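Here's the letter readout for the chains.
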Amino acid sequence: MKKRIMTGDRPTGKLHLGHYVGSLKDRVALQDEYDQFVMLADVQALTDNFENPQKVRDNIKEVALDYLSVGIDPTKTTIYIQSQIPQTAELTIYFLNLVTLARLERNPTVKEEMKQKGFGSEVPVGFLAYPISQAADILILKANLVPVGEDQRPMVEQTREIARKFNLLYGGDLPAGRQVFPEPEIKVGAVARLVGTDGNSKMSKSLGNTINLSDSEEEVEKKVMGMYTDPKRIHPTDPGTVEGNPVFIYLDAFGTDADQEQVNKFKESYRKGQIGDVEVKKYLVEVLNKFLDPIRARRAEFEKNPELVEEILKEGTKKARGEAEKTMIEVKKAMKLNYFD
Ligand code: TRP
């Protein structure tokens, strides 16, 4: 039997190049070897957008198109919508007992997000508790592997703790290996954290420094030509720094093997002050548009057929719900809540 993947994204905006190298690429590569489930996390998106449900609704479609356009294949991967699996909410309630407030407050990603959103002492309970509901997303499908960006590492760590605790408490008479929940592993992509176009260490929609998978050729050109490079370099004849320079980081990440020789030449000339930023940027525009073209083409196909996309989500959700129901029967049995069996 194939091992299982469960992963997903909050539908709060378009997915970008950082998502691609951080995890989408892995999801495309692993969908043959694994039984893969990819979730549109609308419930989690609402934890910090509860006053704006339309935004979440609109982005369900966008992110579904992003998935399909990068090559996540609905005949191999189950794509589904979180809110339509109510069993996850039920499992979350049981998991709430297994996690302390102090443990939640120590989660580095939650801490960082709380600071960013300026909640102060007015943190909504739903927001603080989202790692518990994320553990329920992963465990209700008994996932073995979770391909996500580096920032999700603390979530998978908490998920493992919850699985261990549940198995220990309620799996007493089950032999090892037959426990209710596996302890899932994380898989972070080759470029764990992609720099933004502004040189910030993280490409992120909230920082407005992204190149989106759905950007047009013109948008890509505009963003690349305005990119941050080496701030110490004033003239093209000044020796430049390649390391940490977003232009070269993107060339390394998105250039094909065939681009390698040219990229190496550019690096050499850049270090010697023999080439201007503009020339390297123009090459990067070409490289990125070459990378994005097949993605755009697939997107256009699916955009022409919204009924198909809806059908994919509907079928995927039905399948995920069936799996969740099966797990909940085991959970209730283990917790002695199976009164009427
Ligand atoms: N936290 C993820 C994000 O910010 C979304 C998510 C929700 C998720 N549940 C998940 C990711 C389960 C992987 C597994 O995009």
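Just so it is clear, the model here is predicted, and its values are computed rather than measured.

Moving on to a negative patch on the surface. A cluster of acidic residues, E217, E218, E219 and E221, forms a negative patch on the protein surface. Among the secondary structure elements, E221 is positioned in helix α10 (residues 217–225). A relative accessible area of 42% means that E221 is categorised as partly exposed.

Split by domain assignment, the protein chain resolves into domain 1 (4–195 + 306–334) and domain 2 (215–300). For domain 1 and domain 2, the distance between their C-alpha centroids amounts to 34 Å. Taken together, the contact between domain 1 and domain 2 spans 13 residues of the former and eleven residues of the latter. In total, about 1,000 Å² of surface goes out of reach between domain 1 and domain 2, with carbon and sulfur atoms giving 71% of it. Of all residues in domain 1, L17, S69 and V195 bury the most surface against domain 2, accounting for 51% of the area lost on that side. Summed over the shared surface of domain 1 and domain 2, the number is two salt bridges. The interface formed by domain 1 and domain 2 includes five residue pairs in polar contact (both at pLDDT 80 or more). Sorting the residues of the side of domain 1 that touches domain 2 by element identifies α1 (17–30) and α3 (53–70) as the ones contributing at least two each. Partitioned by chemical class, the residues of the side of domain 1 that touches domain 2 number nine nonpolar, two polar and two charged.

According to the stated counting rule, one finds 30 salt bridges in the structure shown. In this structure, E323 engages R4 in a salt bridge whose closest nitrogen and oxygen atoms are separated by 2.9 Å. Taken together, the residues E323 in helix α14 (residues 306–334) and R4 in strand β1 (residues 4–9) connect sequence positions 319 residues apart. On the basis of relative accessibility, which here comes to 17%, the residue E323 falls in the buried class. A salt bridge links E161 to R103, with the shortest nitrogen-to-oxygen separation between them at 2.9 Å.

The gaps left among the atoms become clear once a water-sized probe is rolled over them. Applying the stated rule across the entire model yields one cavity of 30 Å³ or more. As for the largest cavity, its lining consists of M39, Y80, Q82, I85, T88, D137, I140, L141, A320 and A324. Among the secondary structure elements, those contributing two or more residues to the lining of the largest cavity are α8 (130–140) and α14. A class-by-class count of the residues in the lining of the largest cavity yields seven nonpolar, two polar and one charged.

Among the 14 residues in the neighbourhood of the ligand, the closest are listed as R10, Q44, Q134, D137 and Q152. Within the side chain of Q152, one N or O atom sits 2.8 Å away from a nitrogen atom of the ligand. Here the ligand has 360 Å² of accessible area as a free molecule, and 92% of this is covered by the chains. Most atoms of the ligand, that is more than half of them, are within 2 Å of grid points of the largest pocket. Those elements that place two or more of their residues in the shell around the ligand are β1 and α8. Counting residues per element, the shell around the ligand draws most heavily on β1, which supplies four residues. Counted by class, the shell around the ligand contains six nonpolar, five polar and three charged residues.

Positive phi is not limited to glycine here, since K142 has a value of about 50°. Turning to its location among the elements, K142 is positioned in the loop between α8 and β4 (145–147). Residue K142 is classed as partly exposed on the basis of its relative accessible area of 23%.

With respect to burial, β1 is a largely interior element, five of its six residues being buried. With six bridges joining them, β1 and strand β2 (residues 35–40) adopt parallel strand pairing. Note that in β2 the partner of M6 across the bridge is F37. Handedness of the crossover joining β1 and β2 through α1: right-handed.

Criteria and thresholds
- Residues numbered from 1 in each chain as written.
- Predicted model: local features only at pLDDT ≥ 70, side-chain atom pairs only at ≥ 80, totals over all residues.
- Heavy atoms only, no water.
- Patch = residues over 30% accessible without salt bridge, like charges linked within 9 Å, V, L, I, M, F, W, Y side chains within 5 Å.
- Areas by Shrake-Rupley, 256 points an atom, 1.4 Å probe, with all protein chains shown as cover.
- Salt bridge = Lys/Arg side-chain N within 4 Å of Asp/Glu carboxyl O.
- Lys, Arg positive; Asp, Glu negative; His and termini not counted.
- Charge placed at Lys NZ, Arg CZ, Asp CG, Glu CD.
- Helix = DSSP H or I, 4+ residues; strand = E, 2+ residues; numbered from the N terminus.
- Buried < 20%, exposed > 50% of the residue type's maximum accessible area, 1.4 Å probe, protein only.
- Domains from an automatic or database assignment.
- Contact = heavy atoms within 4.5 Å.
- Buried area = accessible area lost by both parts, 1.4 Å probe.
- Polar contact = N/O pair within 3.5 Å; in protein donor to acceptor, adjacent residues only side chain to side chain.
- Nonpolar A, V, L, I, M, F, W, Y, C, P; charged D, E, K, R; others polar.
- 1 Å grid on protein atoms, 1.4 Å probe; cavity = no way out; pocket = protein on both sides within 12 Å on 5 of 7 lines; lining within 4 Å.
- Points joined across faces, edges and corners; volume = space filled by probe spheres on them.
- Near = heavy atom within 4 Å.
- Sits in = over half its atoms within 2 Å of the grid points.
- Pairing = 2+ DSSP bridges.
- Right-handed = clockwise from strand over helix to strand, strands pointing away.

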